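Here is how the chains run, residue by residue.
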Amino acid sequence: MEAHAFTQDAWGRWPYGDLAHLAHLELLTPKLEESLRFFTQVMGMEVSGHEGDSYYLRGWDDYEFHTLKLTADKRPGLGHLAFRAKSPEGLLRRVRALEALGLGEGWTEGDLGHGPAYRFRTPDGHPMELYYETRWYTPTEATRPALKNQASRFPGRGANLRRLDHVNLLASDVGAVRAFMEHFLGMKVTEQILFRDGSEQGAWLTCTNKTYDVAITKDHLGAKGRLHHFTYAVDSREEVLRAADVCLEHGVFIETGPHKHAIQQTFFLYVYEPGGCRFEVACPGARLLLAPDWKPIVWDEEERKKGQAWGLKTVESFHTYGVPPVEEA
């Protein structure tokens, strides 16, 4: 089946509504202890579990047991990306559709943070999981918040990351991955980059009322299944500026920013964590997708040449670097 021809699920129904939210990702790192120190001491995340060669981490207001799994590996990369389904029935609907498509890999027993999960890959090869049964985070005495409608105590450490926000995947064929996520996972396209030659250079999709949970951008080196970056949110622009100061104090490489994106208007800071993956601290602002008849905002080639919102030119590495690095992919 041609990915660009996806229009409906295996039963002729649009699948919108089966996914609850972006849940977590597994990051492979060749420098596990250094990556762990970066995310806990510099970024302010908490460790909620440890098993084998993996640590489970979360932002202070993530409700699940973890949103980031750090796993030791010989090279940096994406272990997997996971979404939580809204219901057991919704999970099974997506599994049947994925099996009919031929991209499914089967069930796993889950891990420390959740129950059984169905593994599959995008048309470009990105490893993903879907699950429903989850483990909610239980605060310890040290992390118990003063207000019980907050997942845990504000850490007052480093960048104080609040929650997982989105993931950016590199793809050799943006259109194929976008169509797959739109028509087989039920995500909505909110913004796109389309060049004069008709090529799709980028797509931003959501399964919530946020304006995006996943971005897909063109891999200019032609590689498949790579990770561009993943992002945690803080509450304000000022906290992004503070994160830049914190990174400066800790000798963390800053690739670009702080600045504001034109697409999605996110206020951003891009750095590299010790294992080699690009990481973003961001303030998404108050943009929410509430209109049921939203039409994707389309950006053309000339508009993208202008760079970011206030004129900052996009650094060249932003178009070419991802993990695993191409020479190792």
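Here's a quick rundown of the structure. Not measured: the values here are computed from a predicted model.

What counts and what doesn't
Residues numbered from 1 in each chain as written. Predicted model: local features only at pLDDT ≥ 70, side-chain atom pairs only at ≥ 80, totals over all residues. Heavy atoms only, no water. Buried < 20%, exposed > 50% of the residue type's maximum accessible area, 1.4 Å probe, protein only. Helix = DSSP H or I, 4+ residues; strand = E, 2+ residues; numbered from the N terminus. Polar contact = N/O pair within 3.5 Å; in protein donor to acceptor, adjacent residues only side chain to side chain. Salt bridge = Lys/Arg side-chain N within 4 Å of Asp/Glu carboxyl O. Pairing = 2+ DSSP bridges. Axes fitted to C-alpha atoms, helices over the stretch in contact; angles between N-to-C directions. Contact = heavy atoms within 4.5 Å.

Counting buried positions along helix α3 (residues 174-183) gives 10 out of 10 residues, so the element sits mostly inside the fold. Those residues of α3 that fall on the buried side of the exposure criterion are V174, G175, A176, V177, R178, A179, F180, M181, E182 and H183. The N-capping residue of α3, defined by a side-chain oxygen 3.3 Å from the backbone nitrogen of G175, is D173.

On to the pattern of salt bridges. A side chain of one charge can pair with a side chain of the opposite charge when the charged atoms of the two come close. Following the criterion strictly, the structure yields 21 salt bridges and no others. As a salt-bridge pair, D235 and R162 come within 3.0 Å of each other at their nearest N and O atoms. On the criterion of sequence distance, the pair formed by D235 in the loop between β13 (227-233) and α4 (237-249) and R162 in the loop between β8 (127-131) and β9 (163-171) is long-range, its members being 73 residues apart. Judged by relative accessible area, which is 47%, D235 ranks as partly exposed. According to the relative accessible area criterion, R162 is partly exposed, its value standing at 25%. With a closest N to O distance of 3.8 Å, D165 and K210 form a salt bridge. Residue D165 is found in strand β9, and its partner K210 is found in the loop between β11 (200-206) and β12 (214-218); the two are separated by 45 residues along the sequence. For D165, a relative accessible area of 3% corresponds to the buried category.

To continue, consider the sheet that holds strand β14 (residues 254-260). The sheet built from nine strands is open, its strands ordered β14-β15-β16-β13-β9-β12-β11-β10-β17 with mixed pairing. Since the sheet does not close on itself, it has two edges, and those belong to β14 and β17 (297-299), each with one partner. The mean inter-strand angle of the sheet, taken between neighbouring strand axes irrespective of direction, is 15 degrees. Note that β9 and β12 share five bridges and pair parallel. Looking across to β12, one finds that L169 is bridged to I216. Here α3 sits on the sheet in contact with β9, β10 (188-194), β11 and β12, set at roughly 20 degrees to β11. Docked against the sheet, α4 engages β14, β15 (267-272) and β16 (278-283), running at close to 20 degrees with respect to β15.

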